Amino acid sequence: SQVIKPQLDNNEAGVPITIKSEELPLEFTYPSGEGAYTLVEPPVATTTEGLKKVYLIMNTEEYLDFQSDGDEESPLSVSVFILETPEVPEDSEDAGRISRLQSWAEQYSEYTSYDKISSELEIIEVDGVNGLFYRTGGEYKQEVYVIDYRGTTYVFTGQFEKEGDDIHQMFVGLISTVVFN
């Protein structure tokens, strides 16, 4: 079943909520509340190969409007897709870890939006783990982090209209709180 946080609690300003996964070595923090953001944890279909978990974070007011107006376009969101990292073929052992991650991102663009890349690919570090960072174009701008940690690939995507807007700032803050443990 779908999990939604917060249970509306008249919290206008937003309270930092830390999400810790029971089954995965991941935690992150985001501002939760009526005047801030709502986290939706949709059920993952058992038929979706490799997908372990999904978190979607949206402006609470926009999310409530979307829920009541079924035909309205979905609000901007921050998404976290957590997927099994596929086995690497024997003949590619010499390929570097970052090169394999880039190939994976290209192959799974339904999660990574790699087919819409609009910036240089950067090698970054999140909580001591190397990964990829890039921006995409399209209807909305996106910043994407793709990180492989202990056989699991984490794709963090922040959609925004312009750099520095509220949801972009929230995404930048969320990335700074990511811990792999």
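Scope of this entry: the structure provided in the associated data block. (Residues numbered from 1 in each chain as written. Predicted model: local features only at pLDDT ≥ 70, side-chain atom pairs only at ≥ 80, totals over all residues. Heavy atoms only, no water.)

### Overview of the nonpolar core
Applied cut-off: Each nonpolar core is a collection of buried residues, namely Ala, Val, Leu, Ile, Met, Phe, Trp, Tyr and Cys, held together in the definition by side-chain atoms within 4.5 Å. Buried, partly exposed and exposed residues are distinguished by accessible area as a fraction of the type maximum, computed with a 1.4 Å probe on protein chains only: under 20%, between the cut-offs, and over 50%, respectively. Each helix is a run of DSSP H or I of at least 4 residues and each strand a run of E of at least 2, with the numbering of both proceeding from the N terminus.
Membership of the largest hydrophobic core comes to 32 residues, with the highest contact counts inside it found for Phe28, Phe156, Leu174 and Phe180. Per element, the largest residue contribution to this core is 5 residues, and it comes from helix H4 (residues 166-177). Counting 14 residues, the second-largest nonpolar core is a separate cluster that includes Leu101, Ala105, Leu132 and Val144.

### Some words on the pattern of salt bridges
Note the threshold: We define a salt bridge as a side-chain nitrogen of Lys or Arg found within 4 Å of a carboxyl oxygen belonging to Asp or Glu.
Taken as a whole and judged by the stated rule, the model has 3 salt bridges. Arg135 serves as the salt-bridge partner of Glu143, at 3.3 Å between the closest nitrogen and oxygen. The partly exposed category is assigned to Arg135, whose relative accessible area is 29%. A network of salt bridges, in which partner residues are shared, links Glu23, Glu41 and Lys53.

### Some remarks on the side chain of Thr60
Applied cut-off: Counting of polar contacts relies on pairs of N or O atoms within 3.5 Å, with two restrictions inside protein: one atom must be capable of donating a hydrogen and the other of accepting it, and residues adjacent in sequence are counted only when both atoms are side-chain atoms.
Mapping Thr60 onto the fold places it in helix H1 (residues 60-68). A polar atom in the side chain of Thr60 sits 3.3 Å from the backbone oxygen of Tyr37.

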